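Take a look at the letters that make up each chain.
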Amino acid sequence: MSIVKSFLVCFFLISIHTFAQKKQNSTFQVVPLGVKGGIDEKNLSAYLLGPVNTKDFVCLDAGTINSGIEKAIENKVFKVSASEVLRKYIKGYLISHAHLDHVSGLIINSPADSSKTIYATKRCMEMMENHYFNDQTWANFGDEGPGFHIKRYHFQTLNIGEETPITNTAMTVKSFSLSHVNPYESTAFLIKNGNDYALYLGDTGPDTVEKSSNLKDLWTAIAPLIQSKQLKGIFIEVSFPNEQPDQFLFGHLTPNYLMKELHVLEELSGKGSLDNFKIIITHLKPPVKSIKIIKEQLKNQNDLGLKLIFPEQGKRFEL
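Every value quoted in this text rests on a predicted model; they were computed, and no experiment measured them.

Colleague: Can you break down the overall build of the chain residue by residue, with the values?
Modeller: Regarding its fold elements, the chain presents nine helices and 14 strands. Relative to a compact globule of 319 residues, whose C-alpha radius of gyration would be 20 Å, the chain shows 20 Å and is just as compact. The buried share among the 319 residues of the chain stands at 52%. Within the chain, contacts between residues at least 6 apart in sequence are counted, and of these 62% link residues at least 24 apart.

Colleague: Now, about the pairing of strand β11 (residues 231-237): what can you tell me, with residues and values included?
Modeller: Within β11, seven of the seven residues are buried, which leaves the element mostly enclosed by the surrounding structure. The sheet contact formed by strand β10 (residues 196-201) and β11 spans three bridges and is parallel. Across the sheet, the residue bridging to Tyr 197 is Leu 231, located in β11. Across four bridges, β11 lies against strand β12 (residues 278-282) in parallel orientation. Along β12, the bridge assignment pairs Ile 234 with Ile 279.

Colleague: Account for the side chain of His 283, naming residues and giving values.
Modeller: Relative to the helices and strands, His 283 is located in the loop between β12 and α9 (288-300). Looking at His 283, the relative accessible area reads 0%, which means it is buried. Separated by 3.5 Å, the side chains of His 283 and His 102 make a polar contact. Not counting chain neighbours up to four residues away, the residues in contact with His 283 comprise Val 35, Lys 36, Gly 37, Ser 45, Tyr 47, Asp 101, His 102, Asp 203, Glu 237, Val 238, Ser 239 and His 252.

Colleague: Before we move on, can you summarise the sheet that holds strand β8 (residues 171-179) with the specific residues and values?
Modeller: The seven strands lie next to each other as β7-β8-β9-β10-β11-β12-β13, forming an open sheet whose pairing is mixed. Looking along the sheet, the strands with just one partner apiece sit at the ends: β7 (164-165) and β13 (307-309).

Colleague: Account for the environment of Ser 228, with residues named and values stated.
Modeller: If you trace the backbone, Ser 228 turns up in the loop between α7 (214-227) and β11. Taking the C-alpha atoms as reference points, Ser 228 and Ser 273, separated by 45 residues in sequence, lie 9.7 Å from one another. A polar contact of 3.4 Å, which involves the side chain of Ser 228, links it to the backbone oxygen of Leu 225.

Colleague: Kindly report on the packing of aromatic side chains, identifying the contributing residues and their values.
Modeller: What the rule picks out here adds up to nine aromatic pairs. For the ring pair Tyr 93 and Tyr 153, a centre distance of 6.2 Å and an interplane angle of 80 degrees mean the geometry is edge-to-face. You can see Tyr 93 sitting in strand β4 (residues 90-94) and its partner Tyr 153 sitting in strand β6 (residues 153-158), a full 60 residues away along the chain. Grouping residues by exposure puts Tyr 93 and Tyr 153 together as buried. An aromatic cluster is built from Tyr 93, Phe 133, Tyr 153 and Phe 155, whose rings are joined through pairwise contacts.

Colleague: Explain helix α4 (residues 100-109) residue by residue, including any values.
Modeller: Residues that lie three or four places apart on an α-helix share one face, since the helix turns once every 3.6 residues. The buried count for α4 comes to seven of 10 residues, which makes it a mostly enclosed element. Of the positions making up α4, those classed as buried are Asp 101, His 102, Val 103, Gly 105, Leu 106, Ile 107 and Asn 109.

Colleague: Report on the packing of helix α2 (residues 66-74) against helix α3 (residues 82-89), specifying residues and quantitative values.
Modeller: Contact geometry of α2 with α3 gives a least axis separation of 9 Å together with a crossing angle of 115 degrees. It follows that α2 is roughly perpendicular to α3 by the angle criterion. Note on packing geometry: the crossing formed by α2 with α3 is right-handed. Residues Asn 66, Ile 69, Glu 70 and Ile 73 of α2 form the contact with α3, whose participating residues are Ala 82, Val 85 and Leu 86.

Colleague: Give me the lowdown on the pattern of salt bridges, citing residues and values where you can.
Modeller: Under the criterion given, the structure shown has seven salt bridges. The residue Lys 116 makes a salt bridge to Asp 113 at a minimum N-O spacing of 2.6 Å. Lys 315 is the partner of Glu 312 in a salt bridge, and the nearest nitrogen-oxygen pair spans 3.3 Å. The exposure class assigned to Glu 312 is partly exposed, which follows from its relative accessible area of 44%.

Colleague: Break down the nonpolar core for me, with residues and values.
Modeller: Of all hydrophobic cores here, the largest spans 37 residues; its most connected members are Leu 199, Leu 201, Leu 218, Trp 219, Leu 231 and Ile 234. If you list the elements that add at least two residues to this core, you get β8, β9 (185-193), β10, α7, β11, α8 (255-269), β12 and α9. Here the element with the most residues in this core is α7; it accounts for six residues. When neighbours within four sequence positions are excluded, Ile 234 is seen to be in contact with Leu 199, Leu 201, Trp 219, Ile 222, Leu 265, Phe 277, Lys 278, Ile 279 and Ile 280.

Analysis parameters
Residues numbered from 1 in each chain as written. Predicted model: local features only at pLDDT ≥ 70, side-chain atom pairs only at ≥ 80, totals over all residues. Heavy atoms only, no water. Helix = DSSP H or I, 4+ residues; strand = E, 2+ residues; numbered from the N terminus. Rg over C-alpha atoms; globule rule 2.2 N^0.38 Å. Buried < 20%, exposed > 50% of the residue type's maximum accessible area, 1.4 Å probe, protein only. Contact = heavy atoms within 4.5 Å. Pairing = 2+ DSSP bridges. Polar contact = N/O pair within 3.5 Å; in protein donor to acceptor, adjacent residues only side chain to side chain. Phe/Tyr/Trp six-rings, centres within 6.5 Å; stacked < 30°, edge-to-face > 60°. Axes fitted to C-alpha atoms, helices over the stretch in contact; angles between N-to-C directions. Parallel < 35°, antiparallel > 145°, perpendicular 65-115°, else oblique. Left-handed = near helix turned anticlockwise from the far one by under 90°. Salt bridge = Lys/Arg side-chain N within 4 Å of Asp/Glu carboxyl O. Core = buried A, V, L, I, M, F, W, Y, C linked by side-chain atoms within 4.5 Å.

None of this, on its own, says anything about what the molecule does.
Here's what the structure looks like:
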């Protein structure tokens, strides 16, 4: 009997230790508010990212806001109203580029929002000020740009490669340039929480098609974080199946191009370094048939042992 008891105690302690390790390994929580590219206006790129066990989120792009929050409430991710999530849980917005499928939710929800900061690179911020928050196409809810300044939002310009605190959170962000139909710029955001990181890429084409070295430069910068296992995951887009011709990629990736880029990353970070590494696939473009093909192609070409994550609107997960 004592042997059985000892076994049970050991099993219990091992289970607790394993559970604690799993809990420790999760640094970030993610709530997707929108996961697609294309025509589904209720489900466009927007991801809440925050430290686990907090209510302090930054929104990575903002194509869909309210519909995504409502979906998360349906899934019991949040137990408060959509208004409270918008006003109190979202502490700021990181905008990768000014295309409408990445900012329309921010614009439409701005009258109901609370004071917070919008972060973007200089060219992206200028586009938002000149074309959206310009007191003509939409009221200027910011503190810069044309027309009357309502000053609900603080417009903070990010300098490439410079670490910037995300106000009212424990996180910081560093931005990197991406090419989204060269010379149009998009942005990657490296978010730090404690000693760990998450990487979010806005829309981007592959270096070979874009005639750019932006992705290679980004991979070089983050390779040490892969080696040290401080990088918890990469959000990266795949918009089209492999059959899409290069001239019709419009600054996006296919499964084939994603895997080529990740092979470059593995070369820089070391063989086997991406085994079981989390890659969160974003910006899948309808129709449903294309999305199904993209997922099948990614799984079939996954020779790096990646842990592919296909986020669903309103369903929380951890990194």
